[in-house]
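Report on the structure
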Amino acid sequence: MQIYAGFFCILRYNKKMNNNTITIRGLTKSFGKLKVLEGINLNVEQGTILALLGPNGAGKTTTVRILSTLIIPDDGEVTVNGYDVVEQADEVRGSIGLTGQYAAVDEYLTGQENLEMMGRLYHLSKADSKRRAQELLQQFDLVDAAARSAKTYSGGMRRRLDLAASLVATPPIVFLDEPTTGLDPRSRLAMWDIIQQLRANNATILLTTQYLEEADKLADRIAVIDRGQVIAEGTAADLKSQVGEERLVLVVAKESHFDLAVKAMNVPDMQINAVERTMSIAIKKNVSEVKQVLDRMEQAHIEIDSLSLHKPTLDDVFLRLTGDRELADNVQNKSK
Amino acid sequence: MMNSQTATQHQTHTINPQQHSKLYWIIVDTWVLILRSLKHIFKNTDQLMGLVIQPIMFMLLFRYVFGGAIQTEGTTYVNYLVAGILIQTAAFGALTTSMSVAQDLQRGIIERLKSLPTISSAVMTGHVVADLVRNTISSFVMILVGLLVGFRPTATFREWIIILGLLLLFTFALSWIAAILGLIARTVESVQWLGFLLIFPLTFASSAFVPTSGMPTVLRVFAENQPITHVIESMRALMVGTPMNNHGWIASIWCIGIIIVAIPFAAYLFRKHQTR
């Protein structure tokens, strides 16, 4: 009997520690009459990056603000690091680092003063605050600018300082609200590098972005949100496969051959563009299919200028998912 | 770009937040944020210059341009003027608190502080205390300039201490109102006109620059009974020996009353910003 009891204990323990550092159940939030979140469900596993992807006004920032205890949800259950964001707000605050949309650094203080102050406000000792400030200045390539006031920093430096400030207490969970919006390509790459390092150090990260490339590159899982709901969730590959297969695009060399080529191909679901002389054919991850197509062209004596394989991008996913909704809405409106 | 060695080290140190009582953190957080605001005084030199130069211009303007046409009883006009200029400077100076609070809101700094395990409303206390220090500096400059243009105070050392105390009490009270204004206005731009709308009539419809006796009845009744006049009259009485009457008591009660109401209200508004 006792053995069984012990076994069940372990089971229950495992269930409690289900590895989800962030859980969101049925989260709703309205500002007055405006419904911003309409029942969000999400989990983020420990040590992974989840990207919240969505257009402006989809509810990304509101979700982050609720997770970081800045606003109180209307309904739903939200836990961060095992703590309830409403009932245990102080414990949540001790577990997170938040980098908001604007670089919230004190302009008049130097980079070093900013970081040391943040350490003190995270309730680290003076010595720890000093040491962490030094470490972060090095890590974020700000040593040379450490003694200058933040007012003199470039946009990229400010963002780095801002992110460094949220990491002073090495929080296990980091929220990044549009961390690279408005950065030049070099600074964006530097920021991506930093975010990947954080993940390598076992931090759990939730980031919001409007850039599909960013979500594709950084995130383990992506949640697409639109008008306050999660409309798709999964790995980048999952989402892409929802949109469909890869496509083979052929460019016919001579304009006079184009009609002939279309006839010779003769497959369903073919997209053609006579002006650009392109044919696009869905293929199902099979190289022999490509060979078949080329053989067919050769038999018909059609010269091919170039061919390329197109994998669906997250842009396709996004447009498809949000487009479907708009279409559905239109149908609904008409039937009313 | 990145120093990967230090980057991978970054989680190997164990850094633990210290554990202390709530009261301990109220004091420490407030102190940290006071230090922050104090650093602003000398780093934001444009603001500091503005706060010193504007009242000097007012002093010279009233002393030499308008002063000849204004009759004051019992003392010279320059002696009459200094108390008014000091209080006007303190009143406009308090708007720096509004600006700082609005700026912190706009820049997302208050948002960030609220996401920390910090007593975040202490950010306002920081700005208010910085305001006291800034005001003491500009008052000192003001009195020096006054002495150069003919101000001849009769106050004893003890009276100067009371003058400083009253000035700080007044600044403290007004600075908390300014913090509330900053929370309501939300942007630096709206602070500028809202603050002007509040402070301008209060300082000019008072006995700061001219005796109230020459004002039309309605204005005179307002000017004689509003708190700023009582504060100015008390300062003037202490500095150059004009009649004190009940001004001292009324001024102190006004200031303390404002403080008692304004601090909890500011804290309430600050929290309310969160649940919006």
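These numbers come from a predicted model, not from an experiment.

The rules behind these values
Residues numbered from 1 in each chain as written. Chains lettered and ligands numbered in written order. Predicted model: local features only at pLDDT ≥ 70, side-chain atom pairs only at ≥ 80, totals over all residues. Helix = DSSP H or I, 4+ residues; strand = E, 2+ residues; numbered from the N terminus. Buried ≥ 20, exposed ≤ 12 C-beta atoms within 10 Å, placed from the backbone. Contact = placed C-beta atoms within 7 Å. Core = buried A, V, L, I, M, F, W, Y, C linked by C-beta atoms within 7 Å. Pairing = 2+ DSSP bridges. Axes fitted to C-alpha atoms, helices over the stretch in contact; angles between N-to-C directions. Expected span 1.5 Å × (residues − 1). Nonpolar A, V, L, I, M, F, W, Y, C, P; charged D, E, K, R; others polar. Left-handed = near helix turned anticlockwise from the far one by under 90°. Domains from an automatic or database assignment. pLDDT = per-residue confidence, 0-100.

1. Re the overall build of chain A
Regarding its fold elements, chain A presents 12 helices and 14 strands. Split into buried and exposed, the 336 residues of chain A put 39% on the buried side. Restricting the contact set of chain A to residue pairs at least 6 apart, pairs at least 24 apart contribute 69%.

2. Digging into the overall build of chain B
When its secondary structure is counted, chain B shows 11 helices and zero strands. Projecting the C-alpha coordinates of chain B onto the three principal axes gives extents of approximately 75 × 35 × 35 Å. Taking all 276 residues of chain B together, the buried fraction comes to 42%. A separation threshold of at least 6 residues defines the contact pool for chain B, and within that pool the share at least 24 residues apart is 80%.

3. Examining the nonpolar core
Ranked by size, the top nonpolar core spans 141 residues in total, and within it A51 of chain A together with I87 of chain B carry the most contacts. The element contributing the most residues to this core is helix α4 (residues 77-106) of chain B, with 16 residues. Apart from the residues lying within four places of it in its own chain, the contact partners of I87 of chain B are F170, A208, I228, V231, I232 and M235 of chain B. With eight residues, the next largest nonpolar core counts V252, F258, V293 and M297 of chain A among its residues.

4. Quick word on the sheet that holds strand β10 (residues 229-234) of chain A
Residues and elements named next belong to chain A. Strand order in the open sheet formed by six strands is β6-β7-β8-β3-β9-β10, with mixed pairing between adjacent strands. On the outer flanks of this sheet lie β6 (96-99) and β10, each paired with one strand and no other. Ignoring which end each strand starts from, the neighbouring axes of this sheet average 15° apart. Sheet analysis places strand β3 (residues 49-53) next to strand β8 (residues 204-209), joined by five bridges and oriented parallel. Among the inter-strand pairings, L53 is bridged to a residue of β8, identified as T209. Lying over the sheet, helix α6 (residues 155-166) contacts β6 and β7 (173-177), oriented at roughly 160° with respect to β6.

5. Some thoughts on helix α10 (residues 227-240) of chain B
In an α-helix, one full turn covers 3.6 residues, which means residues spaced three or four apart are oriented alike. Residue and element names in this part refer to chain B. Relative to the 20 Å expected for 14 residues at 1.5 Å per residue, α10 spans 20 Å between its end C-alpha atoms, a close match to the ideal helical length. α10 sits mainly inside the fold: 12 of its 14 residues count as buried. All buried positions along α10 are accounted for by I228, T229, H230, V231, I232, E233, S234, M235, R236, L238, M239 and V240.

6. Considerations on the interface of chain B and chain A
Of the residues lining the interface, 32 residues belong to chain B; the matching set on chain A comes to 38 residues. Elements with a contribution of two residues or more to the side of chain B that touches chain A: α1 (4-9), α2 (22-43), α5 (109-114) and α11 (247-275) of chain B. Looking at the side of chain B that touches chain A element by element, the count peaks at seven residues for α2 of chain B. When the residues that make up the side of chain B that touches chain A are grouped by side-chain class, the tally is 11 nonpolar, 13 polar and eight charged.

7. A short note on the packing of α4 of chain B against helix α7 (residues 157-185) of chain B
Helices that pack against each other are described as a pair by the angle of their axes relative to one another and the distance between those axes. All names here are of chain B. For the pair α4 and α7, interaxial distance at closest approach is 7 Å and the crossing angle is 35°. Handedness of the crossing formed by α4 with α7: right-handed. Along its contact with α4, which presents L86, I87, A90, A91, A94, L95, T97, S98, M99, V101 and A102, the element α7 presents L167, F170, T171, L174, S175, A178, A179, L181, G182, L183 and A185. When the residues that make up the contact of α4 with α7 are grouped by side-chain class, the tally is 17 nonpolar, five polar and no charged.

8. Details of the pairing of strand β13 (residues 278-283) of chain A
On a regular strand, each side chain points to the face opposite its neighbour's, so the side chains alternate between the two faces of the sheet. Residue and element names in this part refer to chain A. Sheet topology note: the strand β11 (residues 246-252)/β13 ladder contains six bridges and is antiparallel. Paired with L250 across the two strands is M279, which belongs to β13. Connecting strand β12 (residues 270-273) to the next strand, β13, in antiparallel fashion are four residues, including R277 with a positive phi near 55°.

9. Thoughts on the pairing of β10 of chain A
All names here are of chain A. Taken together, the five bridges between strand β9 (residues 221-226) and β10 define a ladder with antiparallel strand orientation. Residue pairing for β10: I222 is matched across the bridge by G234. Counted between consecutive antiparallel strands, the loop separating β9 from β10 contains two residues, among which R227 sits at a positive phi close to 45°.

10. Thoughts on the sheet that holds strand β1 (residues 20-31) of chain A
Residue and element names in this part refer to chain A. Spatially, β2-β1-β4-β5 is the arrangement adopted by the four strands of the open sheet, whose pairing is antiparallel. Across the chains shown, the open sheet's two edge strands, defined by having one partner strand only, are β2 (34-45) and β5 (83-84). Pairing geometry for strand β4 (residues 75-80) and β5, over two bridges, is antiparallel. Within β5, the position partnered with T79 by the bridge is D84.

11. Some words on the environment of N56 of chain A
All names here are of chain A. By the element assignment, N56 lies in the loop between β3 and α2 (60-67). On the basis of neighbour count, N56 is assigned to the exposed category, with 7 C-beta atoms found within 10 Å. Expressed as a C-alpha distance, the spacing of N56 and R227, which sit 171 residues apart in the sequence, is 9.4 Å.

12. What to know about the domain arrangement of chain A
Segmentation of chain A into domains returns domain 1 (20-241) and domain 2 (245-310). The C-alpha-based centres of domain 1 of chain A and domain 2 of chain A are spaced at 46 Å.

13. Notes on the confidence of the model for chain A
All names here are of chain A. For chain A, the average pLDDT comes to 85, and 90% of its residues sit at 70 or higher. Mean pLDDT across the secondary structure elements of chain A bottoms out at helix α1 (residues 2-16), with 45, and peaks at helix α4 (residues 111-121), with 96. Taken together, the stretch residues 5-17 has pLDDT below 50 and engages in zero contacts with residues farther than four places along the chain or on a different chain.

14. Here's the deal with unusual backbone geometry
Notably, T170 of chain A is not glycine yet its phi reads approximately 35°, a positive angle. On the secondary structure map, T170 of chain A appears in the loop between α6 and β7. One non-glycine residue, N245 of chain B, adopts positive backbone phi at about 45°.

15. Side note on the environment of V262 of chain A
All names here are of chain A. Within the secondary structure, V262 is located in helix α10 (residues 258-265). Judged by C-beta crowding, with 15 C-beta atoms within 10 Å, V262 ranks as partly exposed. Spatially, the C-alpha atom of V262 lies 9.9 Å from that of R277, the residues being 15 residues apart in sequence. Dropping the residues within four chain positions of it, V262 is found in contact with I272 and M279.

16. Concerning the environment of Q47 of chain B
Of note, Q47 of chain B is situated in helix α3 (residues 45-66). Along the chain, Q47 of chain B and G93 of chain B lie 46 residues apart, while their C-alpha atoms are 9.9 Å from each other.

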